Amino acid sequence: MCTTCGCGIGQTLIGGKAHKQHKTVGALHYRAAEPNEVNIIEYNQDIINTTSPADTTDTSPSRLVKIERDILAKNNSHAADNRNYLAVHGIFALNLVSSPGSGKTSLLVKTITALQGNKTIAVIEGDQQTDNDAARIRAAGAPAVQINTGKGCHLDASMVAQAMQQLNLQDHSLLLIENVGNLVCPASFDLGEAHKVVILSVTEGEDKPLKYPDMFRAADLMLLNKCDLLPYLEFDVALAIDYALRINPKLKVIRISASSGEGMVEWLAWITQGCRNTAASRSPLPQAGEGLGVRDVHCSS
Amino acid sequence: MHEMSLAESVLQIIEEAATTQKFKRVKTVWLEIGQLSCVEKEAMSFCFDAVMRDSIAQDARLEIIDVAGQGWCETCACAVPLAVLYDACPKCGNHALKVTDGDAMRVKELEVE
């Protein structure tokens, strides 16, 4: 398995339940549940395979087969399904990406609190382990489903589709997806969101956009977070923004602080406008049997 | 490090092709990896071997075809080579370049029997 970040497969949990897509090879084992924690089933397995070993006795001559398929085609197909579902229901979805510790969850909590009463919000939380972030979101008043990716380092569109099924997503609502804290891998995986929002905190280096260009290129909005700490740091805001714009000249930037509230008005206005645009361009309702088949199941909180 | 997921996707593509193209074993896999794509070639090779184990593509040889990065400079109205996403146009120094090639990753071809 990955020696860089421990990225792996087969340990994904969505709302405490195993990710359907993965199949078991080894034996199941249960981890004893902590107080207030849902039962978590963990798969103990290595590499997943559904194919039988090749028939090595076959001596037929070899031939070339043209494939010409994008490696991410399957994920992109799931993402397209998600996007279609969200469009049909007029749901504005954001995929929040950043390094660990940039303040994503705190910012989400403040956002939920500020929009309460005006907007129906649901949250999908991605972390390798623990239900802590989803618990913080639920405490703030929004339903949340936690996806535990196990050793995995990003959310993919299939995981998000299953999490969406567990949430009672309402028409014209806002769906916030907090990706796994990682500035590398989530850049490649479309989840079906309207926009990727990258969060860079001023306690990180100005050159993060140059060091991790894929993510800043994939994003439409950069939130420069923890700006209340600027007086205590030697962080060059103009340089950070200049680097980000070199990667992505169309990137919109908002200076923000979840603690002081700086920039929150602009951020909330951006969200509200996005919600309005999504609702206005809502696709026609699908026929019965189409879409994700979202059930009316409320997330337990 | 998402190459493990990507290698799994490669295997899915191979397995789907095996069903439609009726082959039982894969001897060589050619992947096109763009210079600007989010793939580390060495990591992909490592994950490829691990994921293909006990599959139809066990012991298959992985051949990676490099695809050079290319961008378009609006100011100069010309194509420019791009080694990294933050490269500037060599003529005018402009960073606002549109990526036109080298950001994809594809399963190009298989040698099968």
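Please refer to the structure placed before this passage.
Please read all numbers here as calculations on a predicted model, not as lab measurements. In every chain, residue numbers begin from 1 and rise along the written sequence. By the order in which they are written, chains take letters starting at A while ligands take numbers starting at 1. The predicted origin of the model limits local features to residues at a pLDDT of at least 70 and limits the giving and counting of side-chain atom pairs to 80 or more, whereas totals for whole chains, interfaces and linings rest on all residues. Values shown for side chains rest on all heavy atoms present in the structure; no hydrogens or waters enter the calculation.

1. Points about the overall build of chain A
The criterion, for reference: Here a helix means four or more residues in a row that DSSP labels H or I, a strand means two or more in a row labelled E, and each is numbered from the N terminus. When accessible area is computed with a 1.4 Å probe and restricted to protein chains, residues below 20% of their type maximum are described as buried, those above 50% as exposed, and intermediate ones as partly exposed. Residue contacts are defined here by distance: any two heavy atoms, one from each residue, within 4.5 Å place the two residues in contact. Exposure was quantified through the Shrake-Rupley algorithm and a 1.4 Å probe, taking into account, for residues, occlusion by the shown protein chains and nothing else.
Helices and strands together make up the secondary structure of chain A, namely eight helices and twelve strands. Taking all 301 residues of chain A together, the buried fraction comes to 50%. By sequence separation, contacts in chain A at least 24 residues apart represent 72% of the contacts at least 6 residues apart. Accessible surface computed for chain A: about 13600 Å², of which carbon and sulfur atoms make up 50%.

2. Some details on the interface of chain A and chain B
Quick reminder of the rule: By definition, the buried area sums, over both parts, the 1.4 Å-probe accessible area that each loses when the two are put together. Criterion for a salt bridge: a side-chain nitrogen of Lys or Arg within 4 Å of a carboxyl oxygen of Asp or Glu.
Contacts between the two partners involve 43 residues from chain A and, on the opposite side, 48 residues from chain B. Between chain A and chain B lies a buried interface of about 4300 Å² when both sides are counted; carbon and sulfur atoms form 58% of it. Run the count over chain A and chain B and you get six salt bridges. Here Glu68(A) ties to Arg106(B) by a salt bridge, and the two come within 2.9 Å at their closest N and O atoms.

3. Observations regarding the environment of Ile65(B)
Residue and element names in this part refer to chain B. One can find Ile65 in strand 2 (residues 61-67). Ile65 sits 33 residues away from Glu32 along the chain, and the two C-alpha atoms are 4.7 Å apart. Dropping the residues within four chain positions of it, Ile65 is found in contact with Trp30, Leu31, Glu32, Ile33 and Lys108.

4. Describing the sheet that holds strand 4 (residues 78-81) of chain B
Two pairing modes exist for strands in a sheet, parallel and antiparallel, and in both the strands are linked by backbone hydrogen bonds. Residues and elements named next belong to chain B. What counts is decided by this rule: For two strands to pair, DSSP has to find at least two bridges joining them. Only the stretch in contact is used when fitting a helix axis, every axis being a line fitted to C-alpha atoms; angles between N-to-C directions are given from 0 to 180 degrees.
The strand order 4-3-5 describes an open sheet built from three strands, whose pairing is antiparallel. A single partner strand is all that each edge strand has here, and the edge strands are strand 4 and strand 5 (97-101). Recorded for the sheet is a direction-independent mean angle of 40 degrees between the axes of neighbouring strands. Note that strand 3 (residues 70-73) and strand 5 share four bridges and pair antiparallel. The partner of Trp72 across the bridge, within strand 5, is Lys98.

5. Describing the nonpolar core
Stated precisely, the cut-off is as follows: Remark: nonpolar core denotes a set of buried residues (Ala, Val, Leu, Ile, Met, Phe, Trp, Tyr, Cys) joined through side-chain atoms within 4.5 Å.
Counting 33 residues, the largest nonpolar core has Ile14(B), Phe23(B), Val26(B), Val29(B) and Leu110(B) as its most contacted members. A per-element tally of this core places helix 1 (residues 3-21) of chain B first, with nine residues. If we skip the residues at most four places from it in the chain, Val26(B) touches Ile14(B), Ile56(B), Ala57(B), Gln58(B), Ala60(B), Leu110(B), Glu111(B) and Val112(B). Residues Leu94(A), Leu108(A), Ala142(A) and Ile271(A) belong to the second largest nonpolar core, which totals 29 residues.

6. Quick word on the pairing of strand 3 of chain B
Residues and elements named next belong to chain B. On strand 3, burial follows the alternation: Gly71 and Cys73 on one face are buried, whereas Gln70 and Trp72 on the facing-out side are not. Inspection of the sheet shows strand 3 paired to strand 4 by four bridges, in the antiparallel sense. By the bridge assignment for strand 4, Gly71 is matched with Val80. Hairpin connection from strand 3 to strand 4: four residues lie between these consecutive antiparallel strands, with Ala77 at a positive phi of about 50 degrees.

7. Some remarks on the pattern of salt bridges
A complete count under the given rule lists 21 salt bridges over all chains for this structure. A salt bridge links Asp131(A) to Arg138(A); the nearest nitrogen and oxygen atoms lie 3.3 Å apart. The class for Arg138(A) is partly exposed, based on a relative accessible area of 22%. Several salt bridges converge on common partners, so that one network encompasses Glu68(A), Glu32(B), Arg106(B) and Lys108(B).

8. Side note on the side chain of Asp156(A)
Residue and element names in this part refer to chain A. The cut-off we apply is this: Within this scheme the basic residues Lys and Arg register as positive and the acidic residues Asp and Glu register as negative, but His and the chain ends are omitted. Throughout this description, a polar contact denotes any pair of N or O atoms lying within 3.5 Å of each other; where both atoms belong to protein, one of them has to be capable of donating a hydrogen while the other can accept it, and for residues adjacent in sequence the pair is counted only when both atoms sit in side chains.
Tracing the chain through its elements places Asp156 in the loop between strand 8 (144-148) and helix 4 (157-166). For the buried Asp156, which has no salt bridge, the nearest side chain bearing the opposite charge is Lys74, at an N-O separation of 12 Å. A distance of 3.1 Å separates the side chain of Asp156 from the backbone nitrogen of Ser158, its partner in a polar contact. Reaching out from Asp156, the side chain makes a polar contact with the backbone nitrogen of Met159 at a distance of 2.9 Å.

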